[in-house]
Amino acid sequence: MSVLTLAQAAEVNAGDTAWMLAATALVLLMTPALGLFYAGLVRSKNTLNTFMMSVAALAVVTIAWALVGYSLAFDEGTGFVGGLGHTFLNDVGFVPRDGTTIPHLLFMAFQATFCILTTALVSGAVVERMRFGPFLVFAGLWSVCVYAVLAHWAFGGGWLQANGTLDFAGGVPVEMGSGFSALAAALVVGARKDYGRQAFLPHNAVFVLVGAGLLWFGWFGFNGGSGFSTGNASVLAFTNTLLTPACALMTWFVLDLVRGRQVTAIGAATAIIVGCVGITPAAGFVSPIWAMVLGVVAALPSYAVIVLRPRTRVDETLDVLAAHGIAGFTGILFIGFFAQADWNGLSDGLIYGNAAQLADQAVAAVAAPAYAFAATYALLRLIGRFTPLRATEREEALGMDIVQHGEEAYATGEGAILVAPDSGTDARAGAGAR
Amino acid sequence: MKLVIGIVRPEKANDVLEALYRAEVRGFSISRVQGHGGELDRVETYRGTTVKMGLSEKVRFEIAVSDSFVQPAIDALCEGARTDEVGDGKIFVVPLERVVRIRTGETDDLAVTPVAKS
């Protein structure tokens, strides 16, 4: 208790706390929204499994975060990783963390929702083939070994933050962290069995659009809450979260028209994500007009990667690299050019005469992808030594819903025979072996 | 002239399509059906309710062919659909009385022979 009483000087602000309570709930909604978005993009026989990977993150990652992840990310420690002072939420109480005006406990919960979402994002690389059990293990370990470390670098007083890298809401840990980890995960787990031979079509484009819409809605809490207050930075970030995705969307329409003569719905859903991702690191640092330009700029490289990636052997199934890794990379570098001290009160970018900021951003844009890729690659290889990461070809053909969960997303119920509760275990023992 | 009906696992339908294509059997239709062929029941659980799924999803191929294509069509179905486990499906071959191609009015063998690609 001594630490709690010593730090009494920091005041809790009621308005800030009210907004952050709401923002935390908004960000939490993004994980089931992502589940819906991803579920629509896969084949119908893998709907539930794909959604469940996001649901799994809600369980596993929240626990890992409370036990050790938060401490490794936000406790003082070395430049590389935080200390163990906040393990088991030790000393995380109502007294605000230094530099904030909200209860420390709320700060922890808000950051937890980021970690959950980011882990769920990585699942997009391995859906339709990775076994559920190993994914649970991966999700827990990844949130601690990769997300918490990158969050410490960018937010928790780690070396990137000390260096002067600006990252408002998670270009480093969330976007580049998930995108480049997804690439590594796709390489380790390997392509789906008929990848490159058969067409895999999204089974429900409406899910994809609704999921993208809910993600955008939640993103107002994600970016708008990353100022931890109701101050100017938060208002700027909130507004930019409206402007950038709108411009990315419009740009995507044009690119679709030029390339295929038709504006596509799944392309539009993707564009919303790319715009939200692009503004994430820059949200509180660039003017609204530059944020609109960022929407245009961020769409181009991500669009290119989405077009080119399926021509490779890499089955990074739901294009997490293109939508998050590449757009996050663009956003981080964009700050280096167009940050404006008049708007953010902190630092200018290159065109406002501060070339050093671009250098700081470039360091992050190299270091974060490198760490995310290498650590995820090693982690999955390690888990793969103990248990197979992927289902057999036959199970993959049957669909992960039946094989992993014993349920179907679109069960008709025709021919289903009710098993009496007392004989339920017998039936399962008999048929479970199939 | 025969109608070859093949009932196969849905997850093998694509393999069958490829095998038919290789055997140059080009005209057919497919539908999703449910059936039971002696395989073990699948058990699923929904909110505490455990059910035995007595019917399995299958895909039914209907292929009308001239006599010389009967065996290639059967071979293609077997090759594409076989997993060596119970539940691979069945093939039924039944005689066809008449076939008419609606567009031209051609009948019988002429009607089941695919139009050469122009």
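Residues numbered from 1 in each chain as written. Chains lettered and ligands numbered in written order. Predicted model: local features only at pLDDT ≥ 70, side-chain atom pairs only at ≥ 80, totals over all residues.

On to the overall build of chain B. Of regular secondary structure, chain B possesses three helices and six strands. Helices (α) and strands (β) of chain B occur, in sequence order from the N terminus, as β-α-β-β-β-β-α-β-α. Relative to its length of 118 residues, chain B is extended, with a C-alpha radius of gyration of 17 Å against a globular reference of 13 Å. Referenced to the eigenvectors of the C-alpha coordinate spread, the extents of chain B come out at roughly 55 × 30 × 25 Å. In chain B, which comprises 118 residues, the share counted as buried stands at 25%. (Helix = DSSP H or I, 4+ residues; strand = E, 2+ residues; numbered from the N terminus. Rg over C-alpha atoms; globule rule 2.2 N^0.38 Å. Buried ≥ 20, exposed ≤ 12 C-beta atoms within 10 Å, placed from the backbone.)

Turning to the sheet that holds strand β3 (residues 42-46) of chain B, a few remarks are in order. Hydrogen bonding along the main chain pairs the strands of a sheet, whether they run parallel or antiparallel. The strand order across the open sheet built from three strands is β1(A)-β4(B)-β3(B), with neighbouring strands paired in antiparallel fashion. This sheet does not close on itself; its edge strands, each paired only once, are β1 (416-418) of chain A together with β3 of chain B. Between one strand axis and the next, the sheet turns through 35 degrees on average, direction left out of account. (Pairing = 2+ DSSP bridges. Axes fitted to C-alpha atoms, helices over the stretch in contact; angles between N-to-C directions.)

The next point concerns the interface of chain A and chain B. On the chain B side, the residues contacting the 19 residues of chain A number 17 residues. Among the secondary structure elements, those contributing two or more residues to the side of chain A that touches chain B are α15 (393-398), β1 and α17 (424-431) of chain A. In terms of residue count, the dominant contributor to the side of chain A that touches chain B is α17(A) (four residues). Of the residues in the side of chain A that touches chain B, the class split is nine nonpolar, five polar and five charged. Taken together, the three bridges between β1(A) and strand β4 (residues 49-53) of chain B define a ladder with antiparallel strand orientation. Following the sheet pairing, A:A416 is matched in β4(B) by B:M53. (Contact = placed C-beta atoms within 7 Å. Nonpolar A, V, L, I, M, F, W, Y, C, P; charged D, E, K, R; others polar.)

A separate point is the pairing of strand β5 (residues 56-65) of chain B. All names here are of chain B. In the sheet, strand β1 (residues 2-8) pairs with β5 via seven bridges, with the strands oriented antiparallel. In the strand pairing of β5, K2 is matched with V65. Of the pairings in the sheet, the one linking strand β2 (residues 29-35) to β5 comprises seven bridges and is antiparallel in character. Of the residues in β5, the one forming a bridge with S29 is E62.

Now for the confidence of the model for chain A. Residues and elements named next belong to chain A. Predicted confidence across chain A gives a mean pLDDT of 93, with 95% of residues reaching 70 or more. Here residues 1-8 scores under 50 on pLDDT; set against residues more than four positions off or in separate chains, the count is five contacts. Confidence over residues 426-434 falls short of pLDDT 50; this stretch has twelve contacts with residues more than four positions distant or in other chains. (pLDDT = per-residue confidence, 0-100.)

Here we come to the packing of helix α7 (residues 171-189) of chain A against helix α10 (residues 265-282) of chain A. All names here are of chain A. Two elements in contact, α7 and α10, have axes whose closest approach is 9 Å; the angle formed by their N-to-C orientations is 150 degrees. Classified by chirality, the crossing of α10 by α7 is left-handed. Judged by residue contacts, G171, V174 and E175 of α7 engage V277, T280 and P281 from α10. Of the residues belonging to the contact of α7 with α10, the class tally is three nonpolar, two polar and one charged. (Left-handed = near helix turned anticlockwise from the far one by under 90°.)

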